[in-house]
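Chain and residue survey
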Amino acid sequence: MPHPSTTAQPLRVRFGTLLGFDPARRQKLERAGSKLADVLNSVEFRDAVLAMRFDGKPGFADDRRNPSQVYAAVLAAKERFTARADGEVDLNVELRTLSPKHDDVVGFTRDGSDRVTTNVRFFDRFDSSEVAGHLAHEWLHTLGFHHGTRATPARAHSVPYALGELVERLAGRRHLTPLPRFRERRLAKVRRE
Ligand SMILES: [Zn+2]
């Protein structure tokens, strides 16, 4: 299967405005961000995204793009609020206590908002791989990916849910294979030193 061309640079995760983080939580967030970057730049992530199927066909629920197009959109990393595809995962995160009515929600990103809101109750309970999966899910919303509001079985196959789960699972691995292009760059760098 032909792979979509990869970007010349590995994706970076950049945190912008952070609200409600004390130093320990900030450290956990940074750890999750670095795991997220490792997953997005891995062969395992690429292959799993390109193999995604829904309803007996390659693809996802709630989106008509095929897996290659979805993967290309992830690599382009063009959030709705950034001017261009900068190859950077831009995340503004607000950590807070949600109202009792919404306390069973891990977090959310409102349409048109550049801010991810994370429920502190879940953040504290999650390990850094789970936080990475949560950040991926919400970041995919900022790229314009959606899912249904009702928890149907199909929803698990939407881009934010399917890829969020995938990121969480891969983030827990001890070893991930960097995409070949980046591996060559790394080797080239080592050789020059
Ligand atoms: Zn969502």
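Residues numbered from 1 in each chain as written. Predicted model: local features only at pLDDT ≥ 70, side-chain atom pairs only at ≥ 80, totals over all residues.

**Some thoughts on helix 5 (residues 128-142)**
The condition is simple: Secondary structure follows DSSP: runs of H or I at least 4 residues long count as helices, runs of E at least 2 residues long count as strands, and numbering of each begins at the N terminus. Given a helix with a known number of residues, its expected span is that number minus one, times 1.5 Å. Labels follow a simple rule on C-beta atoms placed from the backbone: if 20 or more others lie within 10 Å of a residue's own, it is buried; if 12 or fewer, it is exposed; otherwise it is partly exposed.
Given a rise of 1.5 Å per residue, 15 residues ought to cover 21 Å, and the 21 Å separating the end C-alpha atoms of helix 5 matches this to within 8%. Buried residues dominate helix 5, accounting for 13 of its 15 residues.

**A few points about the nonpolar core**
As a reminder, the rule being used: Each nonpolar core consists of buried Ala, Val, Leu, Ile, Met, Phe, Trp, Tyr and Cys residues. Their C-beta atoms, within 7 Å, join them into a set. Residues are defined as contacting one another if the C-beta atoms placed from their backbone atoms lie within 7 Å.
Among the nonpolar cores identified, the biggest contains 35 residues, and Leu36, Val39, Ala132, Leu135, Ala136 and Val167 are the most heavily contacted of them. Contributions of two or more residues to this core are made by helix 1 (23-40), helix 2 (43-50), helix 3 (67-76), strand 4 (88-96), helix 5 and helix 6 (159-171). Per-element accounting of this core gives the leading share, seven residues, to helix 6. Filtering out sequence-adjacent residues up to four positions away, Ala136 remains in contact with Leu36, Leu163, Gly164 and Val167.

**Side note on unusual backbone geometry**
Positive phi, close to 60°, is recorded for Asp55, a residue that is not glycine. Relative to the helices and strands, Asp55 is located in the loop between strand 2 (53-54) and strand 3 (57-58). Residue class for Asp55 comes out exposed when judged on the 9 C-beta atoms lying within 10 Å of it. Of note in the backbone geometry, Asp62 takes a positive phi value of approximately 60° without being a glycine. One can find Asp62 in the loop between strand 3 and helix 3. The exposure class assigned to Asp62 is partly exposed, which follows from the 16 C-beta atoms found within 10 Å.

**Observations regarding the pairing of strand 6 (residues 115-119)**
Under the convention used in this document: In short, DSSP must find at least two bridges between two strands for them to pair.
The buried fraction of strand 6 amounts to four of the five residues, a majority that puts the element mostly inside the structure. When strand 4 meets strand 6, the two strands line up parallel, connected through five bridges. By the bridge assignment, Asn92 is partnered in strand 6 with Arg115. Direction of pairing for strand 5 (residues 107-108) relative to strand 6: antiparallel, over a ladder of two bridges. Each bridged residue has a counterpart across the sheet, and for Phe108 the counterpart in strand 6 is Thr117.

**With respect to the environment of Leu143**
Position of Leu143 relative to the elements: it lies in the loop between helix 5 and helix 6. In this structure, the C-alpha to C-alpha distance between Leu143 and Glu79, residues 64 residues apart in sequence, is 4.5 Å. Contacts of Leu143, omitting those with residues within four sequence positions, involve Ala73, Lys78 and Glu79.

**Structural notes on the confidence of the model for the protein chain**
Selection rule: pLDDT: the predictor's confidence for each residue, scored from 0 to 100.
When the pLDDT values of the protein chain are averaged, the result is 91; 90% of them are 70 or greater. Predicted confidence for residues 1-6 stays below pLDDT 50, and this span has nine contacts to residues more than four positions away or in other chains.

**Regarding the sheet that holds strand 4**
The condition that has to hold: A fitted line through C-alpha atoms represents every axis, and for helices the fit uses only the stretch in contact; the resulting angles, taken between N-to-C directions, go from 0 to 180 degrees.
Ordered by their spatial adjacency, four strands build an open sheet running 1-4-6-5, and the pairing between neighbours is mixed. The sheet is open, and its two edges are formed by strand 1 (12-19) and strand 5, each paired on a single side. Here helix 1 sits on the sheet in contact with strand 1 and strand 4, set at roughly 155° to strand 1. Taken strand by strand, helix 5 contacts strand 4, strand 5 and strand 6, and its axis lies near 110° from that of strand 4.

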